[in-house]
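Close look at the chain arrangement
Residues per chain, in single letters:
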Amino acid sequence: MYGWIFRHLPGNRFAKVVQSLVLVAAVVLVLFTWVFPWVAETFNVNGDPNFD
C-alpha cells in the first residue's frame, strides 16, 4: 500500500518524501481531532461506570 502511494505521488524522491510526511500528519490530525474522541464517547473506552 505504501509503495503504491509513493509511486503515484508526483515529483522527485525528496518531494515524494515531503508529501508522504504531510499525508501522515494529516491522517494523525484527523484521527486525534475527530475519530478518537468519537470512539471514546460512543463505545465508553474510558471506563466510566455511569455511561448511559
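For the structure given in this document, a descriptive report is provided here. The structure presented is a predicted model; accordingly, all values stated were derived computationally and were not measured. (Residues numbered from 1 in each chain as written. Predicted model: local features only at pLDDT ≥ 70, side-chain atom pairs only at ≥ 80, totals over all residues. Heavy atoms only, no water.)

Focus on the side chain of lysine 16
Using the following cut-off: Secondary structure counts use DSSP, requiring at least four H or I residues in a row for a helix and at least two E residues in a row for a strand, with both numbered from the N terminus. Exposure categories follow from relative accessible area, calculated using a 1.4 Å probe and restricted to protein chains: below 20% of the type maximum is buried, above 50% is exposed, and the middle band is partly exposed. When charges are counted, neither His nor the chain ends are considered; positive counts come from Lys and Arg and negative counts from Asp and Glu. Salt bridge, as used here, is a side-chain nitrogen of Lys or Arg placed within 4 Å of a carboxyl oxygen of Asp or Glu. Contact between two residues is taken to exist if any of their heavy atoms lie within 4.5 Å; hydrogens are not considered.
With respect to the secondary-structure elements, lysine 16 resides in helix 2 (residues 13-43). The side chain of lysine 16 is buried and forms no salt bridge, while glutamate 41, the nearest opposite charge, is found at 40 Å. Excluding residues that lie within four positions of it along the chain, lysine 16 makes contacts with Phe6, Arg7, Leu9, Pro10 and Gly11.

Points about helix 2
Our working rule: The span expected for a helix works out to 1.5 Å for each residue beyond the first. Two axes are fitted around each residue, one to the seven residues ending there and one to the seven starting there, and the angle between them is reported as the bend at that residue.
With 31 residues, helix 2 should reach 45 Å at 1.5 Å per residue; the first-to-last C-alpha distance of 42 Å fits that figure. At leucine 31, helix 2 shows its largest bend, some 40°. The positive-phi residue at the C-terminal boundary of helix 2 is asparagine 44, with phi of around 50°.

Quick notes on the environment of glycine 11
Take glycine 11: it is sitting in the loop between helix 1 (2-8) and helix 2. By relative accessible area, glycine 11 is classed as exposed at 53%. Once the C-alpha coordinates of glycine 11 and phenylalanine 36 are considered, the two residues, 25 residues apart in sequence, prove to be 33 Å apart.

Digging into the packing of aromatic side chains
Which entries qualify depends on this criterion: Centres within 6.5 Å make a pair out of two Phe, Tyr or Trp rings, where for Trp the six-membered ring is used; the pair is then stacked when the planes are under 30 degrees apart, edge-to-face when over 60, and tilted otherwise.
Under the defined criterion, the tally for this structure stands at two aromatic pairs. With 5.1 Å between their ring centres and 90° between their planes, phenylalanine 32 and phenylalanine 36 make a pair best called edge-to-face. Of this pair, phenylalanine 32 and phenylalanine 36 are both found in helix 2, four residues apart, which corresponds to roughly one turn of the helix. Between the aromatic rings of tryptophan 38 and phenylalanine 43, the centroid separation amounts to 5.7 Å while the plane-to-plane angle is 90°, which identifies the pairing as edge-to-face.

Purely geometric stuff here, so don't read any function into it on its own.
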